[in-house]
Each structure stands twice: as structure tokens, then as C-alpha cells.
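Each chain, written out:
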Amino acid sequence: MSLKEKINPAKLPEHIAIIMDGNGRWAKQQGEQRIFGHENGVKSVRDTVEAAAEIGIKYLTMYAFSTENWNRPKEEVIALMQLLVYTINAETATLNKNSIRLQAIGDLKSLPPDCYNELQEAIENTKNNSRMTLVLALSYSSRWEIINAVKEIAQKVEDKTLSASEINEDTIAQHLCTANIPDPELMIRTSGEHRISNFLLWQLAYSELYFTDKLWPDFRKEDLFEAILDYQNRERRFGKTSEQLV
Ligand code: IPE
Ligand code: IPE
Ligand code: MG
């Protein structure tokens, strides 16, 4: 039986989030520049998106560029932005062919104009697709997102359209970039790093975390299937005892 066949379709995560890490180290291993790793990472994105759609995942969020990544060497940032523009442009037709809707979370206004425009165009061109939603986290960090949410909520309290005592989990969730997107049941990080790096801090509260040593450019469909199988073997207790779950 293939890994894919072993997956229980009744127990699929609805939303998978991925921290795509290890491009630089992958390139270095080949004696190449870091950008070579990013370029090869695009193949992994393509493969993973295809695999997720194939098995019926509804939301796939991919961390492509963090707020902190602006601090990288200027040449790398520029090269990454160019790669992004090029890739979004080149992949829109495939997204439409596979009925995949593109969305983005993060401080999108901070992206270079050509990148921002390309992104908005692709979001607009794919908005009626319904098989899966691909969410790109771009210039994203969770603390940035939470600060924005708090500011918006505080403004509503100041304007008296919301009372402080009414604020609950839903209020916060609805003011995050991921409003209307369910929390990920599974979060995958590649490259052997065991950290969250400012990604979806609120949304990952009860996610199952899966870490693999594979570097992102080596990540393929089978690796996604393996992560999902691992997830399906876990017991999600949400504070209860095992006995209460049966
Ligand atoms: C992930 O790979 C891609 C981005 C953060 C844009 P890295 O570029 O972080 O690769 P490593 O971690 O240095 O190997
Ligand atoms: C996290 O990777 C961000 C993305 C994958 C886009 P980094 O490689 O930037 O994370 P740290 O800084 O090593 O934690
Ligand atoms: Mg890294």
C-alpha cells in the first residue's frame, strides 16, 4: 500500500500550515548561493500544493517570508521578491486548472509594488476556485498580526461599537488575518528546526506539530503524506482524558 492509500480520508486535517525552512542550507550543501535553494524550493511548493489538493485538504498555509526576513542581506531579499513575482505569475494558470484559490496574509503593503500587484491580480483571478485555498504568509509575523488585531478592537471600544466585556476568542480570531479560515490541525516545519518563528501563534494553540529533518527543497508529496499519517496516529485530547474521548 502506498503512503497515500494509507491516509484515512475521514480523518484529514482541514487546514495544514507549513514553515518551509532549509533552502539556504540545501544550496550550501551543493556549493551554491542561497537563492539557488529558494529557486529549488518552488518545486517543493508545487508538489506540496498538488498533493494537498489531490487528497482533499481544504486550506494550505505556507510561510514564504517573515517580517524578520526583511533583515536578511539586501540581495537575498530582492532575489526572493523577484522569485515571488515570477512564480505567482507562472503558477496562476495551474492554480485555476486545479481550482485552487490564492489568498495571502501579512503586511502585504510592505511588499515591493510589482510583487504586491502580481499577488493581488492572482488573488482576484483565482477567487472563484473552490477545491482548496492556498494561503501565502508574506511579510507575515504573528506578533504583527496580533498587534493589529488589538488596535482594531481597541478602536471599536473607543468608538463604542464594541464593549470591552464582550471581547471573547471569536472577537480576537475575527480580527486576525486568518478570520474565516479554520485553525490548522497540523503544522509542519522542515529542516530540523524546532521552533515557531513568529508563525500563527494564536492559531496554532492546539495544532499538532510535525518536524522533519528534510530540507525544504527536498520535500515532496510523500513527505506530506507521511506527516498526515503521523497526524492521524495522534490522540487529540483538548484537555480531556483519553477515556473521555471514546
Ligand atoms: C526558508 O529557507 C526560506 C525563507 C525563510 C525565505 P531559509 O532561507 O531560511 O534556509 P536556511 O534556514 O538558511 O537553511
Ligand atoms: C521562518 O524561517 C520563516 C519562513 C520560513 C518564511 P527562518 O529561517 O527565517 O526562521 P528562523 O529565523 O531561523 O527562526
Ligand atoms: Mg531558515
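Cut-off values and rules
Residues numbered from 1 in each chain as written. Chains lettered and ligands numbered in written order. Predicted model: local features only at pLDDT ≥ 70, side-chain atom pairs only at ≥ 80, totals over all residues. Heavy atoms only, no water. Helix = DSSP H or I, 4+ residues; strand = E, 2+ residues; numbered from the N terminus. Buried < 20%, exposed > 50% of the residue type's maximum accessible area, 1.4 Å probe, protein only. Contact = heavy atoms within 4.5 Å. Pairing = 2+ DSSP bridges. Axes fitted to C-alpha atoms, helices over the stretch in contact; angles between N-to-C directions. Expected span 1.5 Å × (residues − 1). Bend = angle between axes of the 7 residues up to and from the residue. Near = heavy atom within 4 Å. Polar contact = N/O pair within 3.5 Å; in protein donor to acceptor, adjacent residues only side chain to side chain. Areas by Shrake-Rupley, 256 points an atom, 1.4 Å probe, with all protein chains shown as cover. Nonpolar A, V, L, I, M, F, W, Y, C, P; charged D, E, K, R; others polar. Parallel < 35°, antiparallel > 145°, perpendicular 65-115°, else oblique. Left-handed = near helix turned anticlockwise from the far one by under 90°.

Quick word on the overall build of the protein chain
Here is step 1 of the chain: What the protein chain contains, in helices and strands, is nine helices and six strands.
Here is step 2 of the chain: With respect to the three principal axes, the spread of C-alpha positions in the protein chain is 55 × 50 × 35 Å.
Here is step 3 of the chain: Across the 246 residues in the protein chain, those meeting the buried criterion constitute 46%.
Here is step 4 of the chain: Within the protein chain, contacts between residues separated by at least 24 positions form 76% of all contacts whose residues are at least 6 apart in sequence.

Concerning the sheet that holds strand E4 (residues 132-140)
The pairing of strands in a sheet happens through backbone hydrogen bonds and is either parallel or antiparallel.
Here is step 1 of the chain: The strand order across the open sheet built from six strands is E3-E4-E2-E1-E5-E6, with neighbouring strands paired in parallel fashion. At either margin of the open sheet sits one strand with a lone partner, and together these are strand E3 (100-105) and strand E6 (208-211). Within the sheet, the average angular offset between the axes of one strand and its neighbour, ignoring direction, is 20°.
Here is step 2 of the chain: Of the pairings in the sheet, the one linking strand E1 (residues 15-19) to strand E5 (residues 186-189) comprises four bridges and is parallel in character.

What to know about helix H4 (residues 74-97)
Here is step 1 of the chain: Here H4 is 24 residues long and its end C-alpha atoms lie 35 Å apart, about the 34 Å a rise of 1.5 Å per residue gives.
Here is step 2 of the chain: At glutamate 91, H4 is deflected by roughly 40°, the largest bend along its length.

Examining the site of ligand 2
Here is step 1 of the chain: Close to ligand 2 lie Ile19, Met20, Asp21, Tyr63, Ala64, Phe65, Ser66, Asn69, Arg72, Arg189, Arg195 and Ser197.
Here is step 2 of the chain: At a separation of 3.3 Å, an oxygen atom of ligand 2 approaches a polar side-chain atom of arginine 189.
Here is step 3 of the chain: At 2.6 Å from an oxygen atom of ligand 2 is found a side-chain nitrogen or oxygen belonging to serine 197.
Here is step 4 of the chain: For ligand 2, whose unbound accessible area comes to 390 Å², protein coverage reaches 79%.
Here is step 5 of the chain: In terms of residue count, strand E2 (residues 59-66) provides more of the shell around ligand 2 than any other element does, four residues in total.
Here is step 6 of the chain: Split into classes, the residues belonging to the shell around ligand 2 amount to five nonpolar, three polar and four charged.

Structural notes on the site of ligand 1
Here is step 1 of the chain: Around ligand 1 sit Met20, Asp21, Gly22, Asn23, Gly24, Arg25, Arg34, His38, Ala64, Asn69, Arg72 and Leu80, and that is every residue in its neighbourhood.
Here is step 2 of the chain: Here an oxygen atom of ligand 1 and a backbone polar atom of asparagine 23 are 3.1 Å apart.
Here is step 3 of the chain: Within the side chain of arginine 34, a nitrogen or oxygen atom sits 2.8 Å from an oxygen atom of ligand 1.
Here is step 4 of the chain: Its free accessible area being 380 Å², ligand 1 has 86% of it covered by the protein chains.
Here is step 5 of the chain: Of all elements in the fold, only helix H2 (23-29) and helix H3 (34-55) reach the threshold of two or more residues within the shell around ligand 1.
Here is step 6 of the chain: The element best represented in the shell around ligand 1 is H2, accounting for three residues.
Here is step 7 of the chain: Broken down by class, the residue content of the shell around ligand 1 amounts to three nonpolar, five polar and four charged.

What to know about the packing of H4 against helix H5 (residues 113-125)
Here is step 1 of the chain: Running from N to C, H4 and H5 point in directions that differ by 10°, and their axes come no closer than 9 Å. When the axes of H4 and H5 are compared, the pair comes out roughly parallel. Judged by the twist between their axes, the crossing of H4 over H5 is left-handed. Within the contact between the two elements, H4 uses Met81, Leu84, Val85, Ile88, Asn89, Thr92 and Asn96 and H5 uses Asp114, Cys115, Glu118, Leu119, Ala122 and Asn125.

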